[in-house]
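# Close look at the chain arrangement
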Amino acid sequence: MIKIVNMKPKSYFYISGSMCIAFLSIVVILRFNQVVNLDKRLGESLYQFASMDTFFIIISDIGSRIFFYPALIVISILLAVRKKWLIIILLWVNLLGVRLMNTWLKAIFVRERPTLEHVVEASYYSFPSGHSMNSIAFFGLLAILSFIYVKRKWLSYAFILLFSILILLIGISRIYLGVHFPLDVLAGFFAGLTWLFFISALWAVYLKKEFLAIDKG
């Protein structure tokens, strides 16, 4: 049986901390050559594993600033009509913050990209994946807001499913296109979730309210 329960802001801090530990665990295991070599071999096996270049290029673009900024401008206009100023601020702080955090992390870990021929242009360092990190923060927050504010629950669940599929495909696209190793993508997801739940917790504390969550009892 699935029921709706209240999840206090501190629970979001706990989840954020757990995701941070998961991210740091990947950082630690990447110090072992066996893991690095396995990561490279897995990436090579997934590189252009099917003739789907156009599809994955489009998916990759959806996980980039080419899509995020225009989409967020449109969303902000729609929310402004309804005078949802706090949500607009939250969405922009979330996106700009996670992008800044990703740049900072890349500068710290300085991992070079795969030596495979890149299907798309990619610059700067490889770890963690910016597309994975940014997309899980961006679409993850939209999923949380959909769950809270969309009155028709079937529609909110549809949004959550759509966003989840997009996030997963964006991560896969970066490996397929030869611009990231698998652990870059996984680390990007964990780092993005760390930021997402941290910023969500701060927002909940500011509003002094509890978020909703699903309890499968």
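Now for a look at the structure at hand. (Residues numbered from 1 in each chain as written. Predicted model: local features only at pLDDT ≥ 70, side-chain atom pairs only at ≥ 80, totals over all residues. Heavy atoms only, no water.)

## What about unusual backbone geometry?
Note the cut-off: Going along the chain from the N terminus, every DSSP run of H or I of four or more residues is numbered as a helix, and every run of E of two or more is numbered as a strand. For every residue, the accessible area obtained with a 1.4 Å probe (protein chains only) is divided by the maximum for its type, and the residue is called buried under 20%, exposed over 50%, and partly exposed between those limits.
Here F127 and P128 are connected by a cis peptide whose omega angle stands at -10°. With respect to the secondary-structure elements, P128 resides in the loop between α5 (85–109) and α6 (130–149). If you check the backbone angles, Q48 has positive phi at about 45° while not being a glycine. If you trace the backbone, Q48 turns up in the loop between α2 (33–46) and α3 (53–62). Taking relative accessible area as the criterion, Q48 reaches 32% and is therefore assigned partly exposed.

## Regarding the packing of aromatic side chains
Let me state the cut-off plainly: Put simply, two rings from Phe, Tyr or Trp (the six-membered ring, in Trp's case) pair if the centres are within 6.5 Å, and we call them stacked under 30 degrees between planes, edge-to-face over 60, tilted for the rest. Working rule: Lys NZ or Arg CZ, within 6 Å of ring centre, within 35 degrees of ring normal, means a charge sits over the ring.
This structure, assessed with the given rule, holds 20 aromatic pairs. Measuring from centroid to centroid gives 5.8 Å for F139 and F163, while their planes differ by 25°, and the two rings are stacked. One end of the pair, F139, is in helix α6; the other, F163, is in helix α7 (residues 153–176), with 24 residues separating them in the sequence. A relative accessible area of 3% places F139 in the buried class. In this structure F163 comes out as buried when scored by relative accessible area, which is 10%. The cationic tip of K153 hangs over the ring face of F147; the distance from NZ or CZ to the ring centre is 4.9 Å.

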